[in-house]
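# Descriptive structure summary
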Amino acid sequence: VLTNLTHGSFFDEYLLVLIASIGAFALGSRAEATVVLILFEIGKIAGDIVLASTYQALPQQHDFMPEKATVVNMKGEQRLGELVLVHSGERVPIDGVVLRGDGTVDDSVLTGENVPMAVDKNTRVLAGSQYNGSLMLIRVISRYEDCAVRQIRRVQNAAAEHKAALENSAQRNAKRLVPVVIVIAVLAAALPPLFMPGSDITGWVYRGLTLLIACCPTALALAVPLAFVCGGGRLESEGVHMKGSEA
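Residues numbered from 1 in each chain as written. Predicted model: local features only at pLDDT ≥ 70, side-chain atom pairs only at ≥ 80, totals over all residues. Heavy atoms only, no water.

### Comments concerning the overall build of the chain
Looking only at helices and strands, the chain features nine helices and eight strands. Within the chain, residue pairs in contact and separated by at least 24 positions form 71% of the contacts whose partners lie at least 6 positions apart. By element, 62% of the accessible surface of the chain is carried by carbon and sulfur atoms, the whole surface being about 14,400 Å². (Helix = DSSP H or I, 4+ residues; strand = E, 2+ residues; numbered from the N terminus. Contact = heavy atoms within 4.5 Å. Areas by Shrake-Rupley, 256 points an atom, 1.4 Å probe, with all protein chains shown as cover.)

### Here's the deal with the packing of aromatic side chains
With the rule as written, the count across this model stands at zero aromatic pairs. A cation sits over an aromatic face here: Arg-207 above Trp-204, 4.5 Å from the ring centre. (Phe/Tyr/Trp six-rings, centres within 6.5 Å; stacked < 30°, edge-to-face > 60°. Lys NZ or Arg CZ within 6 Å of the ring centre and 35° of its normal.)

### Describing helix H8 (residues 201-214)
Taking 1.5 Å of rise per residue, 14 residues should cover 20 Å, and H8 covers 20 Å from first to last C-alpha, within 8% of that figure. Taken as a whole, H8 has its buried residues at Gly-203, Gly-208, Leu-209 and Leu-212. Measuring from the backbone nitrogen of Thr-202 back to the side-chain oxygen at the start of H8 gives 3.2 Å, which picks out Asp-200 as the cap. (Expected span 1.5 Å × (residues − 1). Buried < 20%, exposed > 50% of the residue type's maximum accessible area, 1.4 Å probe, protein only. Polar contact = N/O pair within 3.5 Å; in protein donor to acceptor, adjacent residues only side chain to side chain.)

### Quick word on the pairing of strand E4 (residues 103-106)
Direction of pairing for E4 relative to strand E5 (residues 117-119): antiparallel, over a ladder of three bridges. Residue pairing for E5: Gly-103 is matched across the bridge by Val-119. Alignment of E4 against strand E7 (residues 130-133), held across four bridges, turns out to be antiparallel. Within the sheet, the bridge partner assigned to Thr-104 lies in E7 and is Asn-132. (Pairing = 2+ DSSP bridges.)

### Some remarks on the pairing of strand E8 (residues 136-140)
Counted residue by residue, E8 has four buried out of five residues, so it is predominantly covered. As paired elements, strand E2 (residues 83-86) and E8 share four bridges and run antiparallel to each other. Paired with Leu-85 across the strands is Leu-137, a residue of E8. Both strand E3 (residues 96-100) and E8 contribute to a ladder of four bridges, which runs antiparallel. Within E8, the residue paired with Gly-96 across the bridge is Val-140.

### Let's talk about helix H2 (residues 13-26)
Look at H2: 20 Å from first C-alpha to last across 14 residues, which is about the 20 Å you get at 1.5 Å a residue. Buried within H2 we find Glu-13, Leu-15, Leu-16, Val-17, Ala-20, Ser-21, Gly-23 and Ala-24. Two residues or fewer after H2 comes Gly-28, characterised by a positive phi angle close to 90 degrees.

### Thoughts on the sheet that holds E4
One open sheet holds the three strands; their spatial order is E5-E4-E7, and the pairing between them is antiparallel. The open sheet has two free edges, formed respectively by E5 and E7, since each of these has just one partner strand. Shown here is a sheet whose adjacent strand axes are inclined to one another by a mean of 30 degrees, direction ignored. (Axes fitted to C-alpha atoms, helices over the stretch in contact; angles between N-to-C directions.)

### Considerations on the nonpolar core
Of all hydrophobic cores here, the largest spans 18 residues; its most connected members are Val-119, Val-125, Tyr-131, Met-136 and Ile-138. Not counting residues up to four positions away in its chain, the partners in contact with Tyr-131 are Val-86, His-87, Ser-88, Gly-89, Glu-90, Gly-101, Asp-102, Gly-103, Thr-104, Val-105, Val-119 and Met-136. (Core = buried A, V, L, I, M, F, W, Y, C linked by side-chain atoms within 4.5 Å.)

### Here's the deal with a nonpolar patch on the surface
A cluster of nonpolar side chains, Val-183, Leu-187, Leu-191, Leu-194, Phe-195 and Met-196, forms an exposed patch at the surface whose accessible area comes to about 620 Å². Tracing the backbone through its elements, the reader meets Leu-194 in helix H7 (residues 165-195). Exposure remark for Leu-194: the relative accessible area of 65% places this residue in the exposed category. (Patch = residues over 30% accessible without salt bridge, like charges linked within 9 Å, V, L, I, M, F, W, Y side chains within 5 Å. Salt bridge = Lys/Arg side-chain N within 4 Å of Asp/Glu carboxyl O.)

### Some thoughts on unusual backbone geometry
Even without being glycine, Asn-122 reaches a positive phi, approximately 75 degrees. Secondary-structure assignment places Asn-122 in the loop between E5 and strand E6 (124-125). Assessed through its relative accessible area of 58%, Asn-122 is described here as exposed.

### Comments concerning the confidence of the model for the chain
For the chain, the average pLDDT comes to 76, and 68% of its residues sit at 70 or higher. Highest mean pLDDT in the chain belongs to E3 (92); lowest belongs to helix H4 (residues 61-64) (52). (pLDDT = per-residue confidence, 0-100.)

### Focus: the sheet that holds E8
Two modes of strand pairing occur in sheets, parallel and antiparallel, and in both the strands are linked by backbone hydrogen bonds. Sheet architecture is open: five strands sit in the order E1-E2-E8-E3-E6, paired in antiparallel fashion. Unpaired on one side and paired on the other, strand E1 (70-71) and E6 mark the two borders of the sheet. Here E1 runs beside E2; their pairing, made up of two bridges, is antiparallel. Along E2, the bridge assignment pairs Val-71 with Val-84.

Dropping the structure here:
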């Protein structure tokens, strides 16, 4: 709660759980307060585990980009117009055009196409593609910073900062719901004892705290973004690249 307060976000599910837990301890219901905290933490841990497993399943750029390339000019640089040799079983180190050699390339990590593509002279090949065939000589047609795989990553990183309309709406509505729930819970705990003298005040306060937990928008605030992340991760693991959650 204190961390969110420093970022200007005070009304969230953490505040509801904090109020309910403190209230339960104050009423002597320590077991209930402990259960609430444990279940809430389990939910957060489960969400973190799902996110971590999703990101680990994504193909990373270093997984399919070779660390070395065989440059014909022996200067160790992959510049425009330079010639690069690619052996069978190696990954293409840079975008280029085939000058010699024939075989197939598997570029499923880039295009999602599972069927290897036949290549021969004048065929364009993309960095990161798995090549199988005779010794291939290619001419570099783009800098490493401008190759297709780097462009895909730049687009994905930029799009990750822009959330889908549904995702923004869910989080916005969750934040709006928190103060409403707090007001309703306070009224539920305070009004009945005022209009019904002699009623059990502790019981009504307990009901108000129960209302805080029952109306906590944790599922709304976590499930929607989690669904977008996992869905996008699943598509990318299959070679389908999306330009943000909105797509």
